[in-house]
Amino acid sequence: MKAPETPLSTHEKVRVTRAAGIIGLATLISRVLGFIRDMVVAAIFGASLAADAFYVAYRIPSLLRELFAEGSMSAGFVPVFTEYLTKCSREDARRLAHAAFTIVLLVLTLVSLLGILLAPWLVRAIAPGFSDDPYKAELTTFLTQLMFPYLLFIGLAALAMGMLNSLRSFAVPALSPAVYNLCVIGMVLWIAPLLTEPIIGVAFGVVMGGLAQWLIQLPGLHQQSMAFRLRWEPSHEGLKRMGILLLPVLLGLSVSQINIFLNTLFASFLKEGSVTYLYYGMRLIHFPLGVLGIALATAILPSMAVQAANHARTELTDTL
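Here goes a summary of the coordinates provided. The structure displayed is predicted, hence computed values, not measured ones.

So, how was this worked out
- Residues numbered from 1 in each chain as written.
- Predicted model: local features only at pLDDT ≥ 70, side-chain atom pairs only at ≥ 80, totals over all residues.
- Heavy atoms only, no water.
- Helix = DSSP H or I, 4+ residues; strand = E, 2+ residues; numbered from the N terminus.
- Rg over C-alpha atoms; globule rule 2.2 N^0.38 Å.
- Buried < 20%, exposed > 50% of the residue type's maximum accessible area, 1.4 Å probe, protein only.
- Phe/Tyr/Trp six-rings, centres within 6.5 Å; stacked < 30°, edge-to-face > 60°.
- Core = buried A, V, L, I, M, F, W, Y, C linked by side-chain atoms within 4.5 Å.
- Contact = heavy atoms within 4.5 Å.
- Salt bridge = Lys/Arg side-chain N within 4 Å of Asp/Glu carboxyl O.
- Axes fitted to C-alpha atoms, helices over the stretch in contact; angles between N-to-C directions.
- Parallel < 35°, antiparallel > 145°, perpendicular 65-115°, else oblique.
- Left-handed = near helix turned anticlockwise from the far one by under 90°.
- Nonpolar A, V, L, I, M, F, W, Y, C, P; charged D, E, K, R; others polar.
- Patch = residues over 30% accessible without salt bridge, like charges linked within 9 Å, V, L, I, M, F, W, Y side chains within 5 Å.
- Areas by Shrake-Rupley, 256 points an atom, 1.4 Å probe, with all protein chains shown as cover.

1. What about the overall build of the protein chain?
Helix and strand content of the protein chain: 11 helices and zero strands. Listing every helix and strand of the protein chain by position from the N terminus yields α-α-α-α-α-α-α-α-α-α-α. For the protein chain, whose C-alpha radius of gyration is 21 Å, the value lies close to the compact-globule estimate of 20 Å for 320 residues. For the protein chain, the C-alpha atoms occupy an extent of roughly 65 × 45 × 35 Å along the three principal directions. Taking all 320 residues of the protein chain together, 50% fall into the buried category.

2. A look at the packing of aromatic side chains
Scanning the entire structure with this criterion turns up 10 aromatic pairs. With centroids separated by 5.0 Å and ring planes inclined at 70 degrees, the aromatic side chains of Phe 54 and Tyr 55 adopt a geometry described as edge-to-face. Here the aromatic rings of Phe 77 and Phe 81 are separated by 5.0 Å at their centres, their planes lie at 15 degrees, and the arrangement is stacked. Of this pair, Phe 77 and Phe 81 both sit in helix 2 (residues 49-87), four residues apart, which is roughly one turn of the helix. Just as Phe 77 is buried, Phe 81 falls in that class too. Among the aromatic residues, ring-to-ring pairing joins Phe 54, Tyr 55, Tyr 58, Tyr 150, Tyr 180, Tyr 279 and Tyr 280 into one connected group.

3. Details of the nonpolar core
Counting 68 residues, the largest nonpolar core has Phe 54, Phe 81, Leu 143, Met 147 and Met 163 as its most contacted members. At 17 residues, helix 2 tops the list of elements feeding residues into this core. Contact partners of Leu 143, with chain neighbours within four places excluded, come to Ala 53, Phe 54, Ala 57, Ile 199, Ile 200 and Ala 203. In terms of nonpolar packing, the next biggest core, distinct from the first, is built from six residues, Ala 19, Ile 23, Phe 170 and Ala 174 among them.

4. As for the pattern of salt bridges
Per the stated rule, a full pass over the model turns up seven salt bridges. Among the salt bridges present, the one from Glu 233 reaches Arg 95, with a minimum N-O distance of 2.8 Å. On the criterion of sequence distance, the pair formed by Glu 233 in the loop between helix 8 (218-223) and helix 9 (237-267) and Arg 95 in helix 3 (residues 90-126) is long-range, its members being 138 residues apart. The class for Glu 233 is buried, based on a relative accessible area of 18%. Here Arg 95 falls in the partly exposed class, since its relative accessible area comes to 28%. Across the pair Arg 231 and Glu 233 runs a salt bridge whose closest N-O atoms are separated by 2.8 Å. Each member of the salt-bridge network shares a partner with another, and the members are Arg 37, Asp 38 and Arg 283.

5. Remarks on the packing of helix 3 against helix 9
Here helix 3 crosses helix 9 at 25 degrees, and the two axes come no closer than 16 Å. Taken together, the axes of helix 3 and helix 9 are roughly parallel relative to one another. Here the hand of the crossing between helix 3 and helix 9 comes out right-handed. Seen from helix 3, the contacting residues are Leu 96, Ala 99, Ala 100, Ile 103, Ala 125 and Ile 126; seen from helix 9, they are Gly 238, Leu 239, Met 242, Phe 261, Thr 264 and Leu 265. Along the lines of polarity and charge, the residues of the contact of helix 3 with helix 9 split into 10 nonpolar, two polar and no charged.

6. Thoughts on a nonpolar patch on the surface
Residues Leu 25, Leu 28, Ile 29, Val 32, Ile 36, Met 39 and Leu 175 make up a contiguous nonpolar surface patch of roughly 580 Å² in combined accessible area. Ranked by residue count, the leading element in the nonpolar patch is helix 1 (residues 7-45), at six residues. Among the structural elements, Met 39 can be located in helix 1.

If you want it as structure tokens, here you go:
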């Protein structure tokens, strides 16, 4: 005979379902805008030398984003921050958020600067086939250097998203990628045609979009009294626990990123446009994944983190 549901599990089911619906709808809007963005870029640049150079250059900070920003925040920051919200005071959670912001800002700034300096060698590693065309290699290197600050902005945006999701605020974080897509579309349509090398306008759009994706979430954090502040506390117990949680996640994410790295490497030796075709194919695969899988995972993680912090195993299993 089925045991009666506890009030907590029923409440969490409603919250997860509502959150998944909000995130799913917002993600659908963002993904549709992402397809429009790709359509605009494809209509203007096609599968050309410039498009290949852009997508290889974009792949490098995007690969690091997957490792150190979005995946890391979901696996490391959200569970620990949610536990602090549940079992400690609000001030303790705020201190952890400030310490995490300081570390993320420092690390991603250093990685971005290092990436700009090492861009020629990074391009040679990820797309060795471009070495046969000096202009293509030079353009890819310049675009890589131009877009590396995107890693910093999108990392801060991921941190803000993790905080807001933990605080059960889902709508604005889920819509923030739509702002990114609008920035890129705007730059492609109105700024890129004015430049000597139009593809540079797309790279500017990526950086501005990452910045906008972070800034749009700041009012929500301010309303929750969780606005970002600098706090140098690298020995914070919460940060140590986040680091422990990140190790297996980084290992798992590295496998898929290595696959993408190798695909890009092989495609760089093929005919012009191959890198671009590969990118658009991956975009088609990610559409249902983002709307369904990512939406549900984002919605369910804070609820399960609370139940895990309370050692509510029955409710945790029921939610899953």
